[in-house]
Amino acid sequence: MEKYILVGLFGLFMLITLYEIFFIGYHIHKPTLGTDSVINFKKHIPETHFSNVMTGPRLRFSYCHSSGYKRIFDDYSRIVSEHFPEITVFGENHNPDPKRMAFAQMVTITKFFLIALIISNINPFSFLGFATPTVWNIICAHRLYGVMMIFFLCNHIEDRLLRTGAFEITYNGILVWSKLKTGRILMPPELYQLINNQKMMKGEVGSYATFS
């Protein structure tokens, strides 16, 4: 019975991971913002944009999806669309640096490699000629709990590696707010002021707004 449970759990874990890889997945991405054209790995979150007009000013939010900032982006994009209809709003996930992304992928591969060894009851240490650690014997003796422990522990590590805590805002490619630098997310009045300042500096026509 335990064997069937383990196989079922392993199959479920594999389906979840394959879904993340191929539908949410990791892709090679060339940044479109800034002057750098360094190719890096990113966990792809489909870009969100509001407004049917693709010309005119562009406001881009780059936020940490793992930190739950998607809801804040949705609120701010609605506010901007209401008060500055000529501005096109974009949103995308802010990815960690390539080293952390690559390490997160290594953790994912290691996770499923260890789970496969446990389910198959294969002792890698005996093949390598090393003494089997006590912890490995304990995990193999309680395979169901061992598989669950490795799965959730590795998932926690992956989440920490992919989490940036960023909430960056650019206006026509110019960085106007950075949570990574300020340590906080701006308030709606500050967002209005930033947009108004950029529009006045560039002499743009269109709506100007104040917070009420």
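Bear in mind the structure is a predicted one, so any value in this text is a computation, not a measurement.

S.K.: For this particular structure, what's the right way to read the pattern of salt bridges?
M.R.: Note on pairing: side chains with opposite charge can pair once their charged atoms come close. By the definition in use, this model includes seven salt bridges. Of the charged contacts, one joins Arg78 and Glu82 as a salt bridge, the two residues approaching to 3.6 Å between their closest N and O atoms. Remark: Glu82 and Arg78 occur in helix α2 (residues 70-83); sequence separation between them is four residues, near one turn of the helix. Measuring nitrogen to oxygen at the nearest pair gives 2.8 Å for the salt bridge that ties Asp159 to Arg163.

S.K.: I tried to follow the packing of aromatic side chains on my own but got confused; where do I start?
M.R.: Within a pair of aromatic rings, the relevant descriptors are the distance that separates the centres and the angle that separates the planes. Under the counting rule described, the total for this entry stands at eight aromatic pairs. Aromatic side chains Tyr69 and Phe167 sit 6.0 Å apart centroid to centroid with 90° between the ring planes, which places their arrangement in the edge-to-face category. One end of the pair, Tyr69, is in the loop between β4 (58-63) and α2; the other, Phe167, is in strand β6 (residues 167-171), with 98 residues separating them in the sequence. You'll find Tyr69 and Phe167 in the same group, each marked buried. Three or more aromatic residues joined by ring pairs form one cluster here, namely Phe61, Tyr63, Tyr69, Phe73, Tyr76 and Phe167. Taking the ring centre of Phe90 as reference, the NZ or CZ of Arg60 above it sits at 4.8 Å.

S.K.: What is the right way to look at a nonpolar patch on the surface in this model?
M.R.: Taken together, the side chains of Phe103, Met106, Leu153 and Ile157 present a nonpolar region at the surface, about 380 Å² in accessible area. Counting residues per element, the ones that place at least two in the nonpolar patch are α3 (98-119) and α6 (143-162). As for its position among the elements, Ile157 is in helix α6. Using a relative accessible area of 32% as the deciding quantity, one classes Ile157 as partly exposed.

S.K.: Would you mind going over the side chain of Glu168 with me for this structure?
M.R.: Summarising the element assignment, Glu168 is placed in strand β6. A distance of 2.3 Å separates polar atoms of two side chains, one belonging to Glu168 and the other to Ser178. In terms of polar contacts, Glu168 uses its side chain to reach the backbone amide nitrogen of Leu180, at 3.3 Å. When near neighbours in sequence (up to four residues on either side) are disregarded, Glu168 contacts Arg60, Phe61, Ser62, His94, Leu175, Trp177, Ser178, Lys179 and Leu180.

S.K.: Sorry, what's going on with α6 here?
M.R.: Two residues of an α-helix separated by three or four positions point the same way, owing to the 3.6 residues in each turn. The terminal C-alpha atoms of α6 lie 28 Å apart, and with 20 residues this matches the ideal 28 Å at 1.5 Å per residue to within 8%. Within α6, the full set of buried residues consists of Arg143, Gly146, Val147, Ile150, Phe151, Cys154, Glu158, Leu161 and Leu162. All buried residues of α6 fall inside an arc of 125° around its axis, so they share one side. Structural note: α6 exposes Tyr145 and Phe152 on the side pointing more than 90 degrees away from its buried face.

S.K.: Any chance you could explain the pairing of strand β7 (residues 174-178) here in plain terms?
M.R.: Along any regular strand the residues' side chains alternate between the sheet's two faces. When β6 meets β7, the two strands line up antiparallel, connected through four bridges. By the bridge assignment, Tyr171 is partnered in β7 with Ile174.

Calculation notes
Residues numbered from 1 in each chain as written. Predicted model: local features only at pLDDT ≥ 70, side-chain atom pairs only at ≥ 80, totals over all residues. Heavy atoms only, no water. Salt bridge = Lys/Arg side-chain N within 4 Å of Asp/Glu carboxyl O. Helix = DSSP H or I, 4+ residues; strand = E, 2+ residues; numbered from the N terminus. Phe/Tyr/Trp six-rings, centres within 6.5 Å; stacked < 30°, edge-to-face > 60°. Buried < 20%, exposed > 50% of the residue type's maximum accessible area, 1.4 Å probe, protein only. Lys NZ or Arg CZ within 6 Å of the ring centre and 35° of its normal. Patch = residues over 30% accessible without salt bridge, like charges linked within 9 Å, V, L, I, M, F, W, Y side chains within 5 Å. Areas by Shrake-Rupley, 256 points an atom, 1.4 Å probe, with all protein chains shown as cover. Polar contact = N/O pair within 3.5 Å; in protein donor to acceptor, adjacent residues only side chain to side chain. Contact = heavy atoms within 4.5 Å. Expected span 1.5 Å × (residues − 1). Arc of directions from axis to C-beta. Pairing = 2+ DSSP bridges.

Geometric descriptors of this kind do not, in isolation, establish any biological role.
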